[in-house]
Amino acid sequence: MHTTRTVPARPVLLIALTSALLLTPDSATADPEPPIRESAGDQGPARAPESATRRALTAPTTGFTDTTRGYPREQVLTPDPVDPADRSVKLGLTPYHAIAPRLNALQRLGDRVSVEVAGRSAGGHRLYLVTVTAPETTARARAQERMRELIENAPAAAAKSREIKAGYKAPVFFNNNIHGNEWEGTDASLKLIEQLATAKDARTKDLLAHSRLYFNITANPDGRIAGTRANANGFDLNRDFVTASQPETRAMRQIEIDKQPAVMLDLHGYVNGTLIEPTTPPHGENYEYDLFLKNTYANALGMEAAVNGLGYTPAKDGVEPAQIPFRDQEEGWDDWPPIFTPQYAAFHGAVAAHTVEIPLAVNNSLYDSLPVAELRRRSAVNTAVAGAAIRATLDFVRNRRAALIADQIEVFRRGAAGAAQVPVSEETVPGVPGIGPEDVYTADFPRAYVIPAGTNDTAAARLVGHLLANDVRVSRASRDLRLGGRTYPKGSYVVDMRQPKRGLANVLLADGRDISDKVSVMYDISGWSLGRLWGATVVPVTSGSLAGAPLKAVQVAAHVGRVAPRGDLRLRLTDPQEIAALNSLLRQGVPVRRAADGSAIVPASARALATEAARTHDVVFDATGQKGTAPLRRTRVAAAVTPGELFALREMDFEVTPVSTAVLNAGFDWSSVDVLFVSAGLDRDALTSGARTALDAFLGAGRGLVGRGVVGARLSADTGLLAAKPVEGNGDANGVVRMVSSGPVAAGAPDHSFVYAPVWFTDLGPGVRVEQSYATGNPLVSGHWRSLPDGTGGPAAAAGQASVVSGPRAVLFGTEPLFRDHPKGEFAQVGRALFTMAHASSG
C-alpha cells in the first residue's frame, strides 16, 4: 500500500482543506476553493447560446494536411478585437485578444517557431497550435512523418529501425487552459516559447534538434475570456474525450493522432501543494500501465524537484511542497476513466502523461473577493510553477528520448501482436516505490468486436464513424462472415483487436468493470461503454481467427439513409437521429401522425422532404400501411436542464428555450412553449407568487412535464402531476446499468442505461405506468455503486424498481439518459417523452 502519508477515506477533501487553511497576505478570510469533483446535482441550469451548439455539431474534424511541409510553417494571424472584459486582464495574464499578436511576434524571432490554427472553439475562437523545433527541410519533415507512421503501423519493424533510433524527433505535447478559469499554463508556455525561440545554449539546440514541442496555447478560449471552467456550451472539456462532443476536444484529439506525442502535460489549477500525476488507484485497465507508470513517475520526480526548487514556502508564499498522488495518497484522484486528457493521450502512444495542478487559487469566488495585487501575486507564482514543470519535462525528454520512443513503440507492438499486458510490480517497474496489488489492473481483450449489419444501422454507422475518428481500425465484411461460432451478415463491421490502438478500441466498446469493492471513492465517472449505450449492437468475440475472413478496411462508415420508393413512410423513433429527422420535417410543416407503436407516419406526398431528411440524418424511412392516430406537431421545449442535456436536446433539433428560477421570476411567456423539461436550476419554492401561478397554470392546462432526477420529481410532486415517490440512491454512484423496458416511452431503447446519483420510484398511484425498471439482481454492469452506511441506496435496493415512470401529465426519469453524450442510445426516450407530454393537452 502507499503509506508515505496518512490519508482519510476521502483524500480529495484533504486536498481541499489543505488549500483552504493556507494563510497568505490578504487571504486569511478567503473562501476555500476545493478542486472540482463533479456530482450529478452540482450543475446549474444551462444557458448556452444555440449558435455554440450549432458550431459544435457542424465543426469539421480535420487533420493537419501539411504534415510533410518543412519547418518553420509561419503565418500572420489576424488580431482579434480588444476585449477589456477578458477575465485574464485582472490577473495580469495574457488576454485572448493579445495571443495572436504575441504569436506573430514569436514567429518573427527566428526559424524555430511555427503557428497553425487547429480549429475553432464552440464560441468561435481560434485554437492555436505552436510547434517549436529546429528547422526542417521538406525532405526532413517527410522523413519524420514516415518514421511516425512506421512506429504506429509497423511497430515491430520500428523497434529495429536505426533511422528512428538516430533521427526521430520525440513529439512532446503541452496542453494549456483546458479549464478556462485555470489560466496560467498559457502564460508559462508563451514565456517558454519565447526563450526557446532565441536561446543559443547547447542544451536548447540539442533539445530542438531531437524533439518537436507542440503547445496548445489555450484549449478553451471561451472559458479563458469568460472566466469559466467550461466552454461556451457549458461543457467541461476535460470530461469529453470518450465522446468528443465539442470542437475543442476534437481538435485536441486530432493533435494526439497526428502528432503522436510520447510525453504530454496538461496544465491545470488549483491544488496546493502542486499535484503531479501519476495518480492513485484504480488505474485504467486498458493502458500498458507498466510503461506508463515507469515514465510518468520518473518525470513526476523531476517536476517535483523543479517546482520545490523555486524556493516558495508555506510561511512566505503560501505554497506547500509538491505532491505525487501515487506516492502520497491512497485513493480519490484516479486515472480510471479515459475522459481526462492525459489518460486519453496514453491510448495514442503517450508513455508519460500528467495532469499538473498548480497551487494558488485565483478563480471562482476568490477572483471577486481577493485584492488585485494578491490575485496577481498568486498568478505570478502559478506561472512560475507551471514553467518549472514544463522545463523539467523538457529535460526529461532530452535525457530519455530514445527510451521514451522505444516504449511508445512497445505500446503499439503489444496491441498489434495481441501480446499480454504486463502487470505492474516492483520487478516490472523498478524504481517506482510502493507498488502493491491495489495498483494492478489489466484487461481481457477479446479477439474482435463485431457490429452486425441489420440491427439499428443508423446507430452502427454513428459508432463506426466515432471509432474511425479516434484512429481505431475497422473492417467490413464483403459477404457473410463466420466468426466465433456465429454467422454475421454481409456489411457487418469488425474491429480486430490486434491493432496498435487496441486499448482505445476496448475502452470505447467494452462493458467495463464493477469496481465498487476496489476503492471507497472515485474522482469522476467510473463506468462508460459506447458498446452498451450508443444504440448499436456490439458483440465481443473471444476466440477464433480472422485469417481469410472476407474483410476490407474502411475509412468511413457506409451511409444507411434510405426511403421506401412508394406508399406512406414509417420512421422509428428509437434513435436521436430519427428524432432529429422528425423535428426537421415538422419544422417544414409536414403533416406527420403518431402510430400506435410510437413511431411517426409520414405521408407519401412528403417523400422528397423525407429523402432529404434521410440523407441529412442517415436514417431509414420504411414503407407502411399504418395511417397513424394523433397528429404530431412542432414541439417547443422550456428546459431547466444541465449543459449536457441542453446540448442533447438541440442535437435532436428540438426548439429549446433555457429557463431557470431567475428566468421565470423575471417573467416568462409560457405561450411560447409546449412542454417543460426540468432537471436542474428550477425551484418552485423560490419562485415569486406570480411566477409560481404562471407555472402552475401552464402545467394545469395539460402542458406536460418531463422531469429528471430529484429536481424533476420534486416539481412533479409539488404540482400533483404524478403519484410516485422518488427514492434517492447513493449520490456518488454512477455507471452502466442493466434495464428492462416495458412502456412506449422506452420502446426500442437499449437494455442498458447510465446513472449518476440514481433514483427510482415507489408507491405508484393509479394510472402511473412503469416505462423502464432496473434489472433484478445486481443491475450495475460497470462503475461504482455502493450502499450508504445505513445499508440503503445501493444497487440491491434499486433492483427491480421503476426507473422511468409516466402518466397523463408527466414523465419522470431516475436515470441519466442525456449524460455528457455518453448514452446516445437513450436520447430517443427523452424525445418520445417530450412529444408525448407536448401533446398531452390535445389527447
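Sequence order as written defines residue numbering, which begins from 1 separately in each chain. Owing to the predicted nature of the model, reporting of local features is limited to residues with pLDDT of at least 70; listing and counting of side-chain atom pairs is limited to 80 or more, with chain, interface and lining totals taken over all residues. The basis for the side-chain values is all heavy atoms of the structure; hydrogens and waters are excluded.

Visitor: Which residues make up the overall build of the chain, and what values go with them?
Guide: The way it works is that DSSP assigns letters per residue, a run of H or I at least four long becomes a helix, a run of E at least two long becomes a strand, and they are numbered from the N terminus. Per the secondary structure count, the chain includes 27 helices and 33 strands. Two things to know: the radius of gyration comes from C-alpha atoms, and the globule rule equals 2.2 Å times the number of residues to the power 0.38. The C-alpha atoms of the chain give 27 Å as radius of gyration, which agrees with the globular expectation for 843 residues (28 Å, within 12%). Structurally, the chain occupies a C-alpha span of about 80 × 70 × 55 Å along its principal axes. The proportion of buried residues among the 843 residues of the chain is 62%. Looking at the chain alone, contacts between residues at least 24 apart form 80% of all its contacts between residues at least 6 apart. Carbon and sulfur atoms make up 53% of the accessible area of the chain, which amounts to about 29000 Å² in all. Only protein chains enter the accessibility calculation, which uses a 1.4 Å probe; a residue whose area is less than 20% of its type maximum is buried, one above 50% is exposed, and one in between is partly exposed. Contacts are assigned to residue pairs with any non-hydrogen atoms lying within 4.5 Å of each other. What sets the accessible areas is the Shrake-Rupley method with a 1.4 Å probe; for residues, cover comes only from the shown protein chains.

Visitor: Break down helix α7 (residues 184-198) for me, with residues and values.
Guide: Multiply 1.5 Å by the residue count of a helix minus one, and that product is the helix's expected span. Spanning 15 residues, α7 covers 22 Å between terminal C-alpha atoms, matching the ideal 21 Å at 1.5 Å per step. Burial analysis of α7 places eleven of its 15 residues in the buried class, the great majority of the element. Every buried residue of α7 is listed here: E184, G185, T186, D187, A188, S189, L190, L192, I193, L196 and A197.

Visitor: Please give an account of the pattern of salt bridges that cites residues and values.
Guide: Take a side-chain nitrogen of Lys or Arg and a carboxyl oxygen of Asp or Glu: if they are within 4 Å of each other, that pair is a salt bridge. Tallied over the entire structure, the rule returns 47 salt bridges. For R224, the salt bridge goes to D187, with nearest N and O atoms at 2.8 Å. You can see R224 sitting in helix α9 (residues 221-226) and its partner D187 sitting in helix α7, a full 37 residues away along the chain. Exposure class is identical for R224 and D187. Each is buried. Among the ionic pairs, R414 bridges to D290, the shortest N-O distance being 2.9 Å.

Visitor: Before we move on, could you go through unusual backbone geometry and cite the residues and values that matter?
Guide: Cis geometry is found at the peptide bond from Y71 to P72, where omega equals 10 degrees. As for its placement among the helices and strands, P72 is situated in the loop between α2 (50-58) and α3 (99-107). Residue Y270 is reached from G269 by a cis peptide bond, and omega for that bond is 0 degrees. The residue Y270 is located in the loop between β5 (263-269) and β6 (275-276) in this model. Even without being glycine, N364 reaches a positive phi, approximately 55 degrees. Looking at the secondary structure, you find N364 in the loop between β9 (352-358) and α15 (365-369). For N364, a relative accessible area of 37% puts it in the partly exposed group. A positive phi angle, close to 50 degrees, is found at N456, a residue other than glycine. Positionally, N456 belongs in the loop between β10 (448-451) and α17 (457-469).

Visitor: Provide a residue-level description of the environment of L103, including the pertinent values.
Guide: Tracing the backbone shows L103 in helix α3. C-alpha of L103 to C-alpha of E426: the two residues are 323 residues apart in sequence and 45 Å apart in space. Those residues in contact with L103 that sit more than four places away from it in its chain are L77, V115, Y128, V130, L190 and I217.

Visitor: Give a detailed account of the packing of helix α20 (residues 576-587) against helix α21 (residues 607-617), specifying residues and quantitative values.
Guide: Where α20 meets α21, the axes come as close as 10 Å, and the angle between the chain directions of the two elements is 145 degrees. Between α20 and α21 lies a crossing whose hand is right-handed. Taking contact as the criterion, the partners of Q577, A580, A581, S584 and L585 in α20 are, on α21, L609, A610, A613 and H617. For this classification, Asp, Glu, Lys and Arg are treated as charged, while Ala, Val, Leu, Ile, Met, Phe, Trp, Tyr, Cys and Pro are nonpolar and the rest, including Gly, are polar. When grouped by side-chain class, the residues that make up the contact of α20 with α21 number six nonpolar, three polar and no charged. Structural elements are reduced to axes, namely lines fitted to C-alpha atoms, with helices fitted over the stretch in contact, and the angle between N-to-C directions of any two is expressed from 0 to 180 degrees. Two helices that cross are described as forming a left-handed crossing if the nearer one is turned anticlockwise from the farther one by less than a right angle, and a right-handed crossing if clockwise.

Visitor: An account of the packing of aromatic side chains is requested, with residue identities and associated values reported.
Guide: A pair of aromatic rings is counted whenever rings of Phe, Tyr or Trp (Trp by its six-membered ring) have centres within 6.5 Å, and the orientation is called stacked for planes under 30 degrees apart, edge-to-face for over 60 and tilted otherwise. According to the stated counting rule, one finds 21 aromatic pairs in the structure shown. Ring geometry for F235 and F647: centres 5.3 Å apart, planes at 70 degrees, overall edge-to-face. Taken together, the residues F235 in the loop between α9 and α10 (247-259) and F647 in helix α22 (residues 643-651) connect sequence positions 412 residues apart. Overall, F235 belongs to the buried group, its relative accessible area being 5%. Look at F647 and you get buried, because its relative accessible area is 2%.

Visitor: So what's going on with the environment of T68? Which residues, and what values?
Guide: Secondary-structure assignment places T68 in the loop between α2 and α3. Residues T68 and V805, spaced 737 residues apart in sequence, show a C-alpha to C-alpha distance of 57 Å.

Visitor: I'd love a proper account of the sheet that holds strand β20 (residues 600-602), names of residues and values included.
Guide: DSSP bridges decide pairing: two strands pair if at least two such bridges lie between them. Strand order across the open sheet formed by five strands is β17-β21-β18-β20-β19, with mixed pairing between neighbours. Single-partner strands in this sheet number two, and they are β17 (562-563) and β19 (593-594). Sheet topology note: the strand β18 (residues 569-571)/β20 ladder contains three bridges and is antiparallel. Paired with R570 across the bridge in β20 is I601. In the packing of α20 onto the sheet, the strands contacted are β18, β20 and β21 (620-623), and the crossing angle to β18 comes to about 130 degrees.

Visitor: Can you tell me about the nonpolar core, naming the residues and giving the values?
Guide: What is meant by a nonpolar core is a set of buried Ala, Val, Leu, Ile, Met, Phe, Trp, Tyr and Cys residues, joined one to another through side-chain atoms within 4.5 Å. With 151 residues, the main nonpolar core has L103 and F215 as its most contacted residues. Excluding anything up to four places from it in sequence, F215 contacts Y128, L129, V130, V132, F174, S189, L192, I193 and L196. Grouped together as the second largest cluster of nonpolar side chains are 47 residues, A564, L585, V656 and F813 included.

Visitor: Now, about the side chain of T719: what can you tell me, with residues and values included?
Guide: Mapping T719 onto the fold places it in the loop between α25 (709-718) and β26 (725-728). Residue classification places T719 among the buried residues on the basis of a relative accessible area of 18%.

Visitor: I'd like a description of the pairing of strand β3 (residues 170-176), backed by residues and values.
Guide: Of all seven residues making up β3, seven are buried, and the element is well covered by its neighbours. Neither face of β3 is open: one carries A170, V172, F174 and N176, the other P171, F173 and N175, and all of them are buried. Where β3 and strand β4 (residues 211-216) come together, six bridges link them in parallel fashion. Looking at β4, one finds that F173 is bridged to Y214. One ladder, built from five bridges, connects β3 with β5; its direction is parallel. Looking across to β5, one finds that F173 is bridged to M264.

Visitor: An account of the pairing of β10 is requested, with residue identities and associated values reported.
Guide: Of the two faces of β10, the one lined by A448 and V450 and the one lined by Y449 and I451 are each fully buried. As defined by bridge partners, β10 adjoins strand β15 (residues 539-541) across three bridges and the pair is classed as antiparallel. From the neighbouring strand, V450 faces β15, where its bridge partner is V539.

Visitor: Explain the environment of V711 to me, using residue names and the numbers behind them.
Guide: The topology assignment puts V711 in helix α25. On a C-alpha basis, the gap between V711 and D597 in space is 30 Å, while along the polypeptide they are 114 residues apart. Residues contacting V711, with those up to four places away along its chain left out, are V678, S679, A680 and L682.

Visitor: So what's going on with the sheet that holds β9? Which residues, and what values?
Guide: Strand order in this open sheet of seven strands is β1-β2-β4-β3-β5-β9-β6, and the pairing throughout is mixed. Each edge of the open sheet carries a strand with a single partner, namely β1 (113-120) and β6. Helix α8 (residues 202-209) rests against β2 (126-132) and β4 of the sheet, and its axis sits at about 85 degrees to β4. Running over the sheet, helix α16 (residues 372-417) touches β3, β4, β5 and β9 and is turned about 160 degrees from β3.

Visitor: Explain the confidence of the model for the chain to me, and be specific about the residues and the numbers.
Guide: A residue's pLDDT is the predictor's confidence in that residue, given on a scale from 0 to 100. With 94% of its residues at a pLDDT of 70 or more, the chain has an overall mean of 93. This model gives residues 1-36 a pLDDT under 50, and the stretch forms 79 contacts once residues within four places in sequence are excluded.

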